[in-house]
Amino acid sequence: MLFLCFMSVLKQCSFKTLFFFCAVLLSNASMAQSKLIRGYIKDALSDERVPFASISFQKTGGGKLSDSAGNFAFRLDEWPNDTLEVTYVGYKDYKIYVGPDLIQRAVNNELQLVISLDRGKIVSEVIVKRKIDRGLLMWKRIVRRKPVNDRYRFNNFAYELYNKLELDINRINREKMKQMGLLKPFNFIFDNVDTSEGQPFLPVFLTETISDYYCTPKPFRSREIIKGSKTQGVENESVSKLLGGTDQNVDVYSNFIPVFDKTFISPLSDNGDAYYNYKVLDTQYVNNQRLIHMVFSPKRKGENTFEGDCWVHDPTWAIQKMTLYLSKEANINFVEKLSLIQEYTLVSDSTWFLAKDKFVVDIAPIGKSRFGVIGRKTTTYRDVVINQPFIADSLKRNKIQQEVLFAEGAREKADEYWSKGRHEELSKNEKAVYAMIDTLQKMPIFHRYTRTLNFLATGYLNVGNYQIGPWQNWIYANVVEGLRLRWDLGTNKHFSKNLILHGYLAYGFKDRRFKYDVDAMYLFSKHPRTYIFAKYSKDIDYGQQYLDEVSQDNIFALAIRKSGVPLKFLFTEEARVDVFKEWYNGFSVTLSSAHKKFDPLLNLPSKTIYQNGQKGVPLTTFETSIKLRFAYLEKFLETTFYRASLGSPYPITEIKYTKGFSGVLNSSYDYSKLTGNISDYLKIAPYGSIYYNVFAGRTYGTLPFMMLDVAPGNEIYYYNKYAYSLMNRFEYLHDRYAGFNVEHNFGNGLFRFIPLTRKLKFRQFWSAKGLWGSLSEANKLYNNSPGYMFNSLDGKTYMEVSTGVDNIFKVFRLDFVWRVLPRPLPVERAKRFGIFFSFRLAF
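All residue numbers refer to positions counted from 1 along the written sequence of the respective chain. The predicted nature of this model means local features are confined to residues of pLDDT at least 70 and side-chain atom pairs, given and counted, to a pLDDT of 80 or more, with totals for whole chains, interfaces and linings taken over all residues. Heavy atoms from the whole structure form the basis of all side-chain values; hydrogens and water molecules are not counted.

**Student:** Got a minute to help me understand the pattern of salt bridges in this structure?
**Tutor:** Opposite charge on two side chains allows them to pair when their charged atoms are near. Whenever a carboxyl oxygen of Asp or Glu lies within 4 Å of a side-chain nitrogen of Lys or Arg, that contact is scored as a salt bridge. Taken as a whole and judged by the stated rule, the model has 43 salt bridges. Of the charged contacts in the structure, one is a salt bridge between arginine 376 and aspartate 168, with a shortest N-O distance of 2.8 Å. Placement of the pair is arginine 376 in strand β19 (residues 372-386) and aspartate 168 in strand β8 (residues 157-170), with a sequence separation of 208 residues. For the pair arginine 376 and aspartate 168, a shared accessibility class is recorded, and that class is buried. Between aspartate 511 and lysine 515 there is a salt bridge, and its shortest N-O distance comes to 2.7 Å. Classification of residues uses two cut-offs on accessible area relative to the type maximum, computed with a 1.4 Å probe and protein chains only: under 20% is buried, over 50% is exposed, and between them is partly exposed. A residue is classified by how much of its surface remains accessible, and aspartate 511, at 26% relative accessible area, is partly exposed. Per the convention used, a helix needs a DSSP run of H or I reaching at least four residues, while a strand needs a run of E reaching at least two, with both numbered from the N terminus.

**Student:** I tried to follow the sheet that holds strand β7 (residues 110-117) on my own but got confused; where do I start?
**Tutor:** Sheet strands pair via backbone hydrogen bonds, and the direction of the pair is either parallel or antiparallel. Paired strands, in this sense, are two strands between which DSSP finds at least two bridges. Strand order in this open sheet of three strands is β4-β1-β7, and the pairing throughout is mixed. Edge strands, defined here as strands with exactly one partner in the open sheet, are β4 (71-76) and β7. Across the sheet, the axes of successive neighbouring strands diverge by a mean angle of 20°, strand direction being ignored. In this description, a line fitted to the C-alpha atoms serves as the axis of each element, helices being fitted only across the stretch in contact, and the angle between N-to-C directions of two axes falls anywhere from 0 to 180 degrees.

**Student:** Which parts of the structure should I look at to understand unusual backbone geometry?
**Tutor:** What you tend to see is this: most non-glycine residues have negative phi, and most peptide bonds are trans. The step from aspartate 314 to proline 315 runs through a cis peptide bond, and the omega angle for that step is 25°. At the junction of glycine 469 and proline 470, the peptide bond is cis and its omega measures out at 15° in the coordinates. Here proline 470 is to be found in the loop between β22 (466-468) and β23 (475-478). Here the phi dihedral of aspartate 47 falls at roughly 70°; this positive angle occurs in a residue that is not glycine. Tracing the backbone shows aspartate 47 in the loop between β1 (35-43) and β2 (54-57). Classification of aspartate 47 as partly exposed rests on a relative accessible area of 27%.

**Student:** Sorry, what's going on with helix α5 (residues 134-144) here?
**Tutor:** Among the residues of α5, those classed as buried are Gly135, Met138, Trp139, Ile142 and Val143. Along the long axis of α5, the arc covered by the buried residues comes to 135°, so they all point the same way. Here the buried face of α5 lies against α6 (146-149), β13 (276-286), β14 (289-298), β15 (306-314) and β16 (318-326). Whenever a nitrogen or oxygen atom comes within 3.5 Å of another N or O atom, the pair is scored as a polar contact, on the condition that within protein one atom can donate a hydrogen and the other can accept it, and that pairs from neighbouring residues in sequence are kept only if both atoms are in side chains. Between the side-chain oxygen at the start of α5 and the backbone nitrogen of glycine 135 there is a gap of 3.1 Å, and the oxygen is on aspartate 133. Regarding the arc, it is the one traced by the directions from the helix axis to the C-beta atoms. Contacts between residues were defined by any pair of non-hydrogen atoms, one from each residue, lying within 4.5 Å.

**Student:** Quick question: what am I supposed to make of the nonpolar core here?
**Tutor:** One broad rule of soluble globular proteins: the nonpolar side chains tend to lie buried together. Here the nonpolar core consists of buried residues drawn from Ala, Val, Leu, Ile, Met, Phe, Trp, Tyr and Cys, with membership extended through side-chain atoms lying within 4.5 Å. Met138, Ile319 and Met322 are the most contacted members of the largest nonpolar core, which totals 46 residues. Beyond its immediate chain neighbours, meaning those up to four positions away, methionine 322 contacts Val252, Leu268, Phe296, Asp309, Cys310, Leu340, Ile341 and Gln342.

**Student:** Just to check I follow, could you spell out a nonpolar patch on the surface for this structure?
**Tutor:** The residues that make up patches have over 30% relative accessible area and no salt bridge, and they are joined within 9 Å when like-charged or within 5 Å when they are Val, Leu, Ile, Met, Phe, Trp or Tyr. The accessible surface values rely on the Shrake-Rupley method and a 1.4 Å probe; as for residues, cover is taken only from the protein chains in view. On the surface, Tyr522, Phe524, Ile532, Val577, Val579, Leu591, Ile626, Leu628, Ile655, Tyr657 and Leu674 cluster together to form a nonpolar patch covering roughly 910 Å² of accessible area. When contributions to the nonpolar patch are tallied by element, the ones reaching two or more residues are β26 (513-526), β28 (569-582), β30 (620-630) and β33 (652-660). Looking at the element boundaries, leucine 591 is found in strand β29 (residues 587-602).

What follows is the structure in structure tokens.
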């Protein structure tokens, strides 16, 4: 019956209809029997797609190239029993056996593959010698066209910027960590471990910002308005600003590219041919645009250079995409892998503008086989506008050259805002990060753990609205106090967002004397900063404090003190009030008033020699001062109350004037002081960096030694950048002085020519410190006594020079210091030469 019906239908069909009907049936049958292998190729570190990679079967020889997005597909009659090989310049060859085990993963006759390529073998492929070097010619064309291709050629430009930063813990053993007792309460987080990239990693942190960015290059001026900021678990405005677009700009057309605190030579540098080899590989067409593929590699080992490749648009010679990888011989610490990718897009017929950049780094602080951190920063650019009047109008509102502002409610945006505003959708891992952090923030045990770790690392512990520590100062001992115990207590941000209180109480079991300090600060404004600070203290002065110097009232200083140098103790009672006011341009004023009483205790002139009929109490002073400071575009990492300077691109200048008044609160001295200094930190790529500080001062009046200008000496073997290493405390007194301090860090310098030191990443430096000073006859007579004589340079110059080895085991530095002036040199060998050490963490 069915057969008769079918024949009846055939009779009513034309021949053409019948032919088409049969063809469709045969085609569907054929399609149903074909096998499909498809997927994409990506970089193992950055996750970026690899375009135009070569893919072939070893036995059959059938092959093709991946497309511009890294995709590929093979349609086969039967499943192969063959090895699929993927090759691409700069990457290790990748082979995967397509056999029964792998084919079992196929669904509906379709096998999906994601192929991750690891970097390698670029050097041997690039070094070529020809009569006509096409790679060098290509580089010259790109460099010649830099002025018309770099985005900073425009009068102004603006865009919407989306910035995303993800941190992952990698190389972790999930099962082993689950069994660790301290981590058992957090076993749920290991459900987020991703093993798709070979090595397991755990996403732990994610932050996003969306902002409008405006810029005019000449003269340079930028303005960024952060419209949305999402940093779950971290409430720090300065961190959000640093993760915006203002501090994250990388320009591959510039001569140098910053990588952490180092500066690398760009492949497109004006003298890049002195550092790189270049090679042209092939040509491809993408969207009817002819693109030329060029690769580059370092000429020499040990220099701060990249390896990688780029696609160049013909005929504009503009970069369409550039991929930079850190050379294995680069002198940078803790970085196992690093990649920087920038993509450009046409915004007009011949104008290329930055569309995306991605920075991925694998940090291995304790070795490449141990756990580490992967950071992935992705930035995309939309709605690019060029040379428009409204951009200039917006920049006119700037109060400083580079201004970063938060729009109202930027840090409280709802999820709906982010769903619509993101330039790209979050991945599964990224969504899991937000859910995990939200869960952790609700767990009391998580907060206990973080408080404990913070206490061990910083010395401070928050307990409710209060803070105790630092624990390093709890126990100490010296010849005057014997065993000394100290306890600190202060408030924290939970007590108040504007007021912080602090104090400590100490007791010496030998001198049986209590010492203490109470201080308070009220912060009126953070941007620009305005505060008032007050303190009252009675304690021993343990030494002049200079920035990164190790203070001498803790348990660590006991073991590294110079032998044969007598300890000097000066008891000080001080009441002080400071008022600080800062402006947006980096100019600040500090007004201070201080009342001090001094009492020398050991190895210093006795108080009795100064009791010579003054109208006040001896060794008592009252003074006021004004300090002017200018640090243009200085950046800070801030907490609720305090901040740490990240430096300024310009020199920092300070001038301070102090006036002492006799008769006020039993003060005995009238005097005036004027001091000033200029300091700067310069990167002079490719020759490293230079720090310098030039300073001078003058004191008018006859004063006891502690009120004069005491040259900063160092009595421990820990190197202090800001003190004179072969000089003791209170060794030299002056009422007029001038000096300099300069340090030049070469990077690996000469060490890069020796294979062992190049592999160990040793670094080279030199420094010089000089001081000229004199002391008036009146101050000499007032301070010197038969039992104690101070020194003065008397117009001579003191100088010490040093060199050494930095970056030993990546954290240790040795300084060899020679005292060269004044002559004749001291008889004691310890004052002519010394070896000092220090620890520092730096990339």
